[in-house]
Structure formats: C-alpha cells, structure tokens
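Here's the letter readout for the chains.
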Amino acid sequence: MEETWQNEEVQPSELPLVEEVSFQKHPVRYMAYRRLITTMFWSIPVLAICIPAILAPHLWMAYAGGGMAFFILISFISIPIGYRKRSYALRERDLTYKKGWIFSSMITIPFNRIQHTEISRGPIERKYELSTLKIYTAGGSTSDLSIPGLETEEAEQLKEFVSKKAATYE
Amino acid sequence: MSEKSKEWDIHEPTRQSYLGVMVYLIRNFRALATLLISFIAVAAAAPIFWTIVGFSIVPLMILFALLAYWQYRNFTFHIEDDKLIIHKGVLVKDRKSVPIERIQSIQVTKNVIQRLLGLVALKVDTAGSRGNELEIPALERDRADALRNLLYAKKEAILDTDGITDENISTSSQESDKPRIDPREEQGRVLVKLGLFDLLKVGLTENHLKTGFIAIAFVFGYASQYQELLQEYLEGYVDTYASQVADAGLAFALSLFVLYAVFSVVLSLLRVLLKFWELKAVLKSEAVEISSGLLQRNESRIPKKKIQYIQWETNPLRKLAGYESATLKPSNSVGEVSNKQTIEIPALRIAENEYLATGVFPGAEQPDNFIKGDPWAYARLYSIFGFVIFAPLAVLLYFQFSYSGIAILLLMGLFSAYGYRYGKTVRLHFDEHYVYIFKGWLFPQRVILPAYKAQSLQLSQNILLRRRKLGHLTLFTAAGSKTVRFLNEKEALEAYNLLMYAVEKHEGSWM
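### Comments concerning the overall build of chain B
Phase 1 of the analysis: In terms of helices and strands, chain B carries 15 helices and 21 strands.
Phase 2 of the analysis: When the 511 residues of chain B are sorted by exposure, 27% land in the buried category.

Put into structure tokens, the structure is as follows:
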C-alpha cells in the first residue's frame, strides 16, 4: 500500500465544528406517532397485570402495577422531551443525528463511508405519513443509522442527496 | 509449475482431486454415525430397532458411499467472465457464482483427514450477506496455491482497469519503477515464529485470574453447602472439635481449588498448543500471511489495507514472560461477532510489536496530543458494581455472623480503588493520521487505528454524565467499534471534529 501522508498543518480552531451546525427537527406529528407506539407497547403488560388483578387480586400486583406506572409515566414524559432532542443536520460531507433524553447520543456518518441507503415505511408510520431513512455502513450493524419519523418527501430528498453524495466517492 | 497445472485449464469446469471422494466419504460416514447414535437411544428401549439398524446399516453405507462419489463427480469449478463458478449437488443441483472483484479473502485450510490425503480446502469469502462463502474441499496443494494466486491476480487486474483514470496513470508509472511482484514469489519478512517453548509459556500465562475467579465462586458455593450440613449434624459438639472440622472443610475446599487451577492450566495449554502450533506470521509488502494449528492447520492471507486496527493485550504473567498478544482486525461483511478472519498472534516481543505496527500501518506514530478518561467517573462506576455485588452478600453474612459479616463491605472500597486506578490508564491519543487508545491497569490494552479507517463517530451520554460534562466517544470501523469512556465533553468534541476531518479528507479505499 502506497501511503504518502501530506502533513499540512491543521489548526484546531479552523476545523468545522459539528456542534455549531443548525439542526433540523422532525415534523410535530412524530410525537403523535410515538404516543401511539408507546400506548401499544404498554397495553400488553398493562392487560397482563389488570386482568388477573380484577379476577384474583393480590398485593404483589399492586406493587408491580405501581412500578409499571412509574415506567409508563417516564416513557410518556420522554416523548415531548425526546422530540425536542431529536434532530439531524446535513453538511457538505457528512450527516449528523442527535437524539435521546435520559441516554443521549450524537452520531456523524461521513458520506464517503456510506454503503447504501434505504427508506422503510411501516403500517403505523404510513398512517401518519412518516418514513424512516436507513443508512448502512460496512462491517455489521453496530454503526448503521436509522432516522425515523421523517416527512415522506423529506426522506426521499434526503436519500437522494445522501446516495448521490456517497456515489461520488466510489 | 508441474505437468498437472499445465494441462489444467481453469476456464473449463474442473473436478477436484480424485482423492476428494475420500473426503466426502468420511464426511458422509460421520453424518451416518451421528444419525445412528441418535437412533441408538430409541433402539435400546425396543429390541426390534436393533434388527432394523442391523439390516439397514450395510445398504445405508453403500448408499452414502455412492452419494460421496456423486458429490465428487458433480462438483466442478471454473472461471468464466471474471466469475468463479461452482457446480455441485446430487439431488438438488446448485450453481454458485461469485464475481472475482467481490472476493474478500481466500483461506487455505486442512483438517486431519485432508492432511492424511495430502489435500487442502480452499475457502473463498466474499463481501455481502452472510453465508456467502464458497468452499472447495479437496484440492491438491499446488493447485490450491495456483488458484488462489490466480484469483488474487485477476482481482487486482479487474480493480486496476475499473479505477479512475488518474489512479491508472499513477499505478502504471509505479509499475515501470518496480515490476509487480507475484505475491507467491515474494519472500516477505518473518514477523514471528512460535516454537514449543514459546507456546508453553503462552499456555501458562493465559488469563488464569478469570478462570480463578470462576473457581473461587465454585468453591465458595460448595463450601457453604458443606458448612450448612456440618452445622446441622454437629450442633451441640464442643467448639474446638467443630473448628477442627471446619479446618478440614477449608483444606478440602483448598485442594478443590488447586485441582481446578491445575485443570484450567492444562485446558488452556491444550487449547494454545492446538490452535497456535508452529505459528508463523510473515509480513509481505501488501499482505500479512499467517499459518498455525496442530490438527486443523489454517493458512490465511489478509491484505494490509483490509486491516482496520490492531489491538494488543497482555496480563501481569505474560508481561513477566516478555510477551504481548496482538489481534489484527480486518474488515468483514458479517460484523464483529463472528469475524473468522481475525488474526491472533498470542506472543510478540516488544521489538516485534513495533515492527508489526509500522509494517501494517506505514508511518504509524503515537500522537503527542491526548485526552484522558475521568478516573473518578470510573471509581463511581466500580463503586456501583461493588455495591451490587457486596450489598446482598453483606446482608446474607449479617444474618450468619451478625455485625462482623458487614466487614465484607470493606471490599467495596477495593473495587472503587481499582476503578480509579483503571480510569487513570484510559487515554485517547489522536491526530489526523492515527488514533492510539490505551486502557487497563492489570490487563493493559492498546489499540492502533488509522484515523481514516473510522466510518462514523458517536458521542453518547446520559443525564448524569451530561451534568458532569462527560461523554463516551465511539469510533465505528468496518471491523467493529472502539469506545473510550468518561472523556471531558469539550475535549471529546475536539477529537470528534478532528477525526471527522481526517476521515472526510481521506480519498480512496479504506477496506
């Protein structure tokens, strides 16, 4: 492998800063979508507790119900807070996605490392006219990024933009 | 080249070595044997099954032998339109074709049977979905080598002509400077060769502390059972007598522990001898070649540009012997979990480490600029671990021995101290060329990763860390990810921005 390093000087102050990019929010109805998903998710364990609690009440069911109520509360509170934290940004050479309230993360994928992109739309997403953009990199699934809850048109445009950019590096 | 390969035209469907029948035969008989063994469980209950098995065994063997012959007959391979094509199958005919430019690596392996027959298996791994592996199980050695070199050479040629015109000019000018070296002819430099003595040392210096912990847990569990029994039967006896018995119990536990330790040492010795027998690693100009193994001998060749990072590990014992072990991680399609192409070199001396690093990553040099993990954050994390482990134990011991049992909580302090000490070692050295990651106190770990090999970067936090302005930085590569924890948020972002710049600046292939 021929590797010729050009050793031009880089001033840290001149580097583009990822934290100063303007981030784009998801459409507001993403929250409604999240509420429906969360309700559906919790309905099964809630029923699993409630039905026996009505038929044959026990003290431990009250404890379990209380504990569960706490987690249900947290997960509904985290919908609007998480919505505000969830945003993406495009730069000339990369895409950055931020999310999370209790556990937050920011991930940046440069276009020259993207393998392929994909749009998926589940039945519930379709109801809200939302789409998920999936971005794949090489080597297993750990670094794959999926951006849920995009306007369908926005997702298509994003996919177009990203895959065109990624193609220029091949 | 021998007579055989001269008359051998790779563009015509070719059968494997005729000895391949034996390879299939033994495979099939093995399958038959497992089938029969599972039947025997049933047969033992009802004698009629024995007669059925007795009558059917000979026809079955003939059937399986015929099957082996047909498997051999129907297996052909050839190259057509820059594709490697394999036909196989007896009842269900199968045709597999792999574009040569998609071939990621080619492995030559042999197990005991192949070795006795003087054959090797050629395994071709391709980029793409899992299970996309081709295997030619019975080839003569020189044919396998010839085919492997041919495939590599063809791949190079295809990639060269497909490349951008700029690159073409540069490679052709290079070619006029120095003629292209046939990968087979090139001698390379032997990086490491492990003899029996080295392997013994490696086996003895495996991480016995880990197995030791398991052993201790085992003995504790056993001893406590024993103690309960003792207390039940010996209640009311004189104290001195009871303590003598308890001593005997302790001696028994200790001897068990020693037994287990010996067992684990023997086990790891055996594993090391089998896996790394006559290990030889050679650094060539474009690839690393390694061969090892006692019963199952593996030879693999990994192009240097596929290697994403190198990781060194050691432990106090191995350090004492003057060794470190290195792992070379190539990019792969399946992901970190089942990376079969990972090269493991269990024993390298300090000088060889340096040579490996600069040999695989030219110009690798540890950057002066570094950021550190917060040792107090590690101490907090380990305190939580300690609490989770020792708090229930303390409660248990309190009921057993009253207040003196709570003394075990002191061990929590030990955990926290270890966490602090560990955190002290966590460092991320970086510039726009290389990333060096250090962590671990008793079991130090070091990773060298060219900055441009990163595929994406992640900064993750939780609510508590955000308040303390700390975060974890993860570098994802095509061979798995590396995370450095509890970095100062601002410093981590500086590294984030610089590394992203390094990746985006880089042109050309990284895997």
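Having seen the structure, we can now continue with the description.
### Observations regarding the nonpolar core
Soluble globular proteins: nonpolar side chains tend toward being buried together.
All names here are of chain B.
Phase 1 of the analysis: One finds Ile310, Val435, Ala451 and Leu499 to be the most contacted residues of the largest nonpolar core, which totals 87 residues.
Phase 2 of the analysis: The element contributing the most residues to this core is helix 15 (residues 489-505), with seven residues.
Phase 3 of the analysis: Not counting residues up to four positions away in its chain, the partners in contact with Ala451 are Phe430, Glu432, His433, Tyr434, Val435, Leu499, Ala502 and Val503.
Phase 4 of the analysis: One finds Val108, Val124, Ile136 and Ala138 within the second-largest nonpolar core, a separate group that totals 20 residues.

### Let's talk about the domain arrangement of chain A
Quite often, the size of an interface is put as the accessible area lost when its parts meet.
Residues and elements named next belong to chain A.
Phase 1 of the analysis: According to the domain assignment, chain A contains domain 1 (29-82) and domain 2 (88-167).
Phase 2 of the analysis: Put simply, the middle of domain 1 and the middle of domain 2, counted by C-alpha atoms, are 30 Å apart.
Phase 3 of the analysis: Of the residues lining the interface, nine residues belong to domain 1; the matching set on domain 2 comes to eight residues.
Phase 4 of the analysis: Elements supplying a minimum of two residues to the side of domain 1 that touches domain 2: helix 1 (29-55) and helix 2 (59-85).
Phase 5 of the analysis: Here the side of domain 1 that touches domain 2 takes six residues from helix 1, the largest share from any one element.
Phase 6 of the analysis: Tallied by class, the residues present in the side of domain 1 that touches domain 2 amount to six nonpolar, two polar and one charged.

### With respect to helix 12 (residues 375-401) of chain B
Residues and elements named next belong to chain B.
Phase 1 of the analysis: Within helix 12, the axis deviates most sharply at Phe390, by approximately 30°, and proline Pro392 lies no more than four positions further along.
Phase 2 of the analysis: Within helix 12, the full set of buried residues consists of Ala377, Tyr378, Tyr382, Gly386 and Phe390.
Phase 3 of the analysis: The secondary structure elements touched by the buried residues of helix 12 are helix 13 (410-424), strand 20 (470-477) and strand 21 (480-488).

### A closer look at the packing of helix 1 of chain A against helix 2 of chain A
Residues and elements named next belong to chain A.
Phase 1 of the analysis: At a closest axis distance of 10 Å, the pairing of helix 1 and helix 2 adopts a crossing angle of 180°. It follows that helix 1 is roughly antiparallel to helix 2 by the angle criterion. Across the interface between the two elements, Tyr30, Met31, Arg34, Arg35, Thr38, Trp42, Pro45, Val46, Ile49, Pro52 and Ala53 of helix 1 pack against Met61, Ala64, Gly65, Met68, Ile72, Ser75, Phe76, Ile79, Pro80 and Tyr83 of helix 2.

### As for the environment of Ser264 of chain B
Phase 1 of the analysis: Turning to its location among the elements, Ser264 of chain B is positioned in helix 9 (residues 239-276).
Phase 2 of the analysis: Taking the C-alpha atoms as reference points, Ser264 of chain B and Lys96 of chain B, 168 residues apart in sequence, are found 44 Å from one another.

### Details of the confidence of the model for chain B
Residues and elements named next belong to chain B.
Phase 1 of the analysis: Confidence along chain B averages 80 in pLDDT terms, with 81% of residues attaining 70 or more.
Phase 2 of the analysis: Segment residues 228-238: pLDDT under 50, and five contacts once partners within four positions in sequence are set aside and those in other chains are kept.
Phase 3 of the analysis: In the predicted complex, the global pTM is 0.73; the interface-specific ipTM is 0.88.

### Thoughts on the packing of helix 12 of chain B against helix 13 of chain B
Residues and elements named next belong to chain B.
Phase 1 of the analysis: At a minimum axis separation of 7 Å, helix 12 and helix 13 run at an interaxial angle of 150°. In terms of their interaxial angle, helix 12 and helix 13 are classed as roughly antiparallel. Helix 12 and helix 13 meet at a crossing whose hand is right-handed. Each of Pro375, Trp376, Ala377, Tyr378, Ala379, Leu381, Tyr382, Ser383, Phe385, Gly386, Phe387 and Phe390 in helix 12 lies in contact with helix 13, whose residues at this interface are Leu411, Met412, Phe415, Ser416, Tyr418, Gly419, Tyr420, Tyr422, Gly423 and Lys424.
Phase 2 of the analysis: Of the residues contributing to the contact of helix 12 with helix 13, the split by class is 16 nonpolar, five polar and one charged.

### A few points about the sheet that holds strand 12 (residues 307-313) of chain B
Residues and elements named next belong to chain B.
Phase 1 of the analysis: Across the sheet, seven strands lie side by side as 14-13-12-18-17-16-15; this open sheet has antiparallel pairing. For this open sheet the edge positions go to strand 14 (343-348) and strand 15 (370-372), each flanked by a neighbour on one side alone. For this sheet, the mean inter-axis angle between neighbouring strands, taken without regard to orientation, is 15°.
Phase 2 of the analysis: Here four bridges tie strand 12 to strand 18 (residues 445-450), and the two strands are oriented antiparallel to one another. Directly across from Ile310, in strand 18, lies its bridge partner Ile448.
Phase 3 of the analysis: Across the sheet, helix 11 (residues 350-360) is in contact with strand 12, strand 13 (324-330), strand 14 and strand 18; its angle to strand 12 comes to roughly 170°.

Rules behind the numbers
Each chain carries its own residue numbering, running from 1 in the written order of its sequence. Following the order in which they are written, the chains are lettered starting with A and the ligands numbered starting with 1. Per-residue local features of the predicted model are confined to residues with pLDDT of at least 70, and side-chain atom pairs are confined, for both listing and counting, to 80 or more; whole-chain, interface and lining totals are unaffected and use all residues. Counting from the N terminus, the helices are DSSP H or I runs at least four residues long and the strands are E runs at least two residues long. Counting other C-beta atoms within 10 Å of a residue's C-beta gives its exposure: the residue is buried at 20 or more, exposed at 12 or fewer, and partly exposed in between, where C-beta atoms are placed from the backbone. A set of buried residues drawn from Ala, Val, Leu, Ile, Met, Phe, Trp, Tyr and Cys, joined through C-beta atoms within 7 Å, is what defines a nonpolar core. Placing C-beta atoms from the backbone, we regard two residues as in contact once those atoms come within 7 Å. Here the limits of each domain have been adopted from an automatic or database domain assignment. Charged means Asp, Glu, Lys or Arg here, nonpolar means Ala, Val, Leu, Ile, Met, Phe, Trp, Tyr, Cys or Pro, and polar covers whatever is left, Gly included. Throughout, bend refers to the angle between the axes fitted to the seven residues that end at a position and the seven residues that start at it. Here an axis means a line fitted to C-alpha atoms, over the contact stretch when the element is a helix, while the angle between two N-to-C directions is reported on a 0 to 180 degree scale. Roughly parallel means an angle under 35 degrees; roughly antiparallel, over 145; roughly perpendicular, 65 to 115; everything else is oblique. The quantity known as pLDDT measures the predictor's confidence residue by residue, on a range of 0 to 100. Crossing handedness is defined as follows: a turn of the near helix away from the far one that is anticlockwise and smaller than a right angle gives a left-handed crossing, while the clockwise case is right-handed. We treat two strands as partners when DSSP finds at least two bridges between them.

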